[in-house]
Amino acid sequence: MDVNKNSYTFLFATAMVVVVAASLSFAATNLKPFQDINVEQEKMQSILSSIQIQVERSEAPEAYESYITEAIVLQGGEAIEGQDAFAVDLAKEIRKSDEERLSPLYIADKEGETYYIIPLQGNGLWGPIWGYVSLKQDINTVYGATFDHKAETPGLGAEINTPVFEEQFKNKRMLDSNLTFVGIDVRKGDASTEYQVDGISGGTITSDGVEAMILDCVKEYVSFLKEHSGKTATAALISE
Amino acid sequence: MADVLEKKEEAKDLLVDKQPKEPLFSKKNRKLLNDPLNDNNPITVQVLGICSALAITVKLYPALVMSISVLFVMAAGNVIVSLMRNFIPNRIRIIVQLVVVASLVALVDQVLKAFVYDVSKELSVFVGLIITNCIIMGRLEAFALGNSVWRSFLDGIGNAFGYAWILLAVAFFRELLGSGTLFGFQIIPDAWYLANGGFYSNNGFMLLPPMALITVGIIIWVQRARNTKLIEE
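Each chain has its residues counted from 1, running along the sequence as written. Each chain takes a letter, starting from A, and each ligand takes a number, starting from 1, following the order in which they are written. Confidence filtering applies because this is a predicted model: local features only for residues at pLDDT of at least 70, side-chain atom pairs given and counted only at 80 or more, and all residues used for totals across whole chains, interfaces and linings.

S.K.: An account of the overall build of chain B is requested, with residue identities and associated values reported.
M.R.: When helices and strands are tallied, chain B shows 10 helices and 2 strands. In chain B, the succession of helices and strands from N to C terminus is α-α-α-α-α-α-α-α-α-β-β-α. The globule rule is 2.2 Å times the number of residues to the power 0.38, and the radius of gyration it is compared with is taken over C-alpha atoms. On C-alpha atoms alone, chain B measures out to a radius of gyration of 23 Å, which is more than a quarter above the 17 Å that the 2.2 N^0.38 rule sets for 233 residues. Reported as C-alpha extents along the three principal axes, the dimensions of chain B are approximately 95 × 40 × 30 Å. Backbone-placed C-beta atoms define the burial measure: a residue is buried with 20 or more other C-beta atoms within 10 Å of its own, exposed with 12 or fewer, and partly exposed in between. Going through the 233 residues of chain B one by one, you find that 33% of them count as buried. A separation threshold of at least 6 residues defines the contact pool for chain B, and within that pool the share at least 24 residues apart is 76%. The helix count covers DSSP runs of H or I at least four residues long, the strand count covers runs of E at least two residues long, and both are numbered beginning at the N terminus. Our contact criterion uses C-beta atoms placed from the backbone: two residues qualify when those atoms are within 7 Å.

S.K.: Report on the overall build of chain A, specifying residues and quantitative values.
M.R.: Each helix and strand counted, chain A has 7 helices and 8 strands in total. For chain A, whose C-alpha radius of gyration is 22 Å, the value lies well above the compact-globule estimate of 18 Å for 240 residues. For chain A, the spread of C-alpha atoms along the three principal axes comes to 90 × 40 × 35 Å. Put simply, chain A has 240 residues, and 30% of those count as buried. Intrachain contacts of chain A at a sequence separation of at least 6 include 53% that bridge at least 24 residues.

S.K.: Summarise the environment of Pro128(A); cite the residues concerned and give the values.
M.R.: Residue and element names in this part refer to chain A. Residue placement: Pro 128 occurs in strand β5 (residues 128–135). The class for Pro 128 is partly exposed, based on 18 C-beta atoms found within 10 Å. Residues Pro 128 and Tyr 116, 12 residues apart in the sequence, show an inter-C-alpha distance of 23 Å. Sequence-distant contacts of Pro 128, that is, excluding residues within four places in its chain, are made with Ala 91, Gln 121, Asn 123 and Lys 150.

S.K.: Describe the interface of chain B and chain A, and please don't skip the residues or the numbers.
M.R.: Many analyses report the size of an interface as the accessible area lost when the parts associate. On the chain A side, the residues contacting the 18 residues of chain B number 16 residues. Of all the secondary-structure elements, those providing two or more residues to the side of chain B that touches chain A are α5 (93–115) and α6 (117–123) of chain B. Counting residues per element, the side of chain B that touches chain A draws most heavily on α5(B), at 10 residues. Here the side of chain B that touches chain A is built from residues that sort into 12 nonpolar, 3 polar and 3 charged. Under the scheme applied here, ten amino acids are nonpolar (Ala, Val, Leu, Ile, Met, Phe, Trp, Tyr, Cys and Pro), four are charged (Asp, Glu, Lys and Arg), and all others, including Gly, are polar.

S.K.: Give a detailed account of helix α9 (residues 149–179) of chain B, specifying residues and quantitative values.
M.R.: Quick reminder: α-helices carry 3.6 residues per turn. Residues three or four places apart thus point the same way. With 31 residues, α9(B) should reach 45 Å at 1.5 Å per residue; the first-to-last C-alpha distance of 43 Å fits that figure. Looking at the residues trailing α9(B), positive phi occurs at Gly180(B), about 70°. Here the expected span of a helix is defined as 1.5 Å times the quantity of residues minus one.

S.K.: Any details on the pairing of β5(A)? Residues and values, ideally.
M.R.: Residues and elements named next belong to chain A. Here β5 lies mainly inside the structure; 7 of its 8 residues are buried. A pair of strands is treated as paired once DSSP finds two or more bridges between them. Two elements, strand β4 (residues 113–123) and β5, share 8 bridges in a ladder whose sense is antiparallel. In the sheet register, Gly 122 faces β5, and the bridge partner there is Ile 129. Counting the residues between successive antiparallel strands, the hairpin from β4 to β5 contains 4 residues.

S.K.: Help me get a handle on the confidence of the model for chain B, residues and values and all.
M.R.: Per residue, pLDDT captures the predictor's confidence, and it can take any value from 0 to 100. Taken as a whole, chain B shows an average pLDDT of 84; of its residues, 91% reach a score of 70 or greater. The ipTM for the predicted assembly is 0.72, set against a pTM of 0.75.

Below is the structure:
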């Protein structure tokens, strides 16, 4: 057999591609369930980490069960039925218009206190960034925040997932004195008020992405949260 | 005269038949395993695969997982290419090698994502970059295409171990001096640290890629000083 004939070369290449494609897709299909569990557990781990609960990934489902009391989906500021909050793909939702967008909200009970956990999704410099921010019962003060990214520059934009950056968000505020939603301003080094945090040197575009992501995602929840948290909390806030 | 010649020919045939089969671990085959560990180490002598040696040697565990992944890809790749060596059309042989390596790496990546998710996140792009690891393509092209399956397998294992031990050695020093741990277990006692009134502090510089390069350099230095075969005129 002449292995250098053109016809043989084509035949060989075709057969090779078919065999490789078949075996790889077989492997991918069979491993998918295991991978999905990992991704799910990691998501639970991030959600919990935004209310300052650090658990191992394998223990995340159990802790998630015990802390997260309710998971609801909002659309146009109203809670809707028949949607699994955990399964909502936020990366797709943020491209939709405000009326169509589904926004999941997790309500946690930690040591008797209620916290509202809002998932965030936005764009950094190189790719998507995402995170979770938890609000105290006054729906104004940030209790904790956690961020992650797909492909930001290590040492620069990638620093958003470090404690140094995340810790800054604690006790910052989202609503101004008129209870209008203003978000959190990621500043270039002169953060002083309770509405501002310091950005990352050399990671300006990623830092701006974090700011935009908070504005864009949290605004969906403001009216609902004001109602849900009850008038007492809001009143307490005004008197503060 | 013709008779004699014929007899000679017969004797030759017999000789070939009688020649004992080469043992699995003959001296020549053992050399395939041993050579890459020292005299012909892929990293320190051939200076291949440096990229991953710098990037993922901050901690021992990822370095170990990376080594095992490369071991699998290298051994399986060598065996598969060696099995097909008489059927691969010469003109597309590089493409065929690339496809073999790429599919093995894709497989490894999927397995890591399924069973050691955290490590796979840490290794991130470097698993995919095994495809471009010069050691692997080099061994396929230079060895597996022209040698039997068993010898190719040994060559693959040998080179993977040559790669692995350097990776682990570098990771050992970087983790010990940079984080004070080995495989995540604390080695330097808490009381030694400055923060607790001691005298010791981890060297943060060890965590940065330049120190990997310097560590590899020191290993090459020690190796060249001890191994007379490597000393150039």
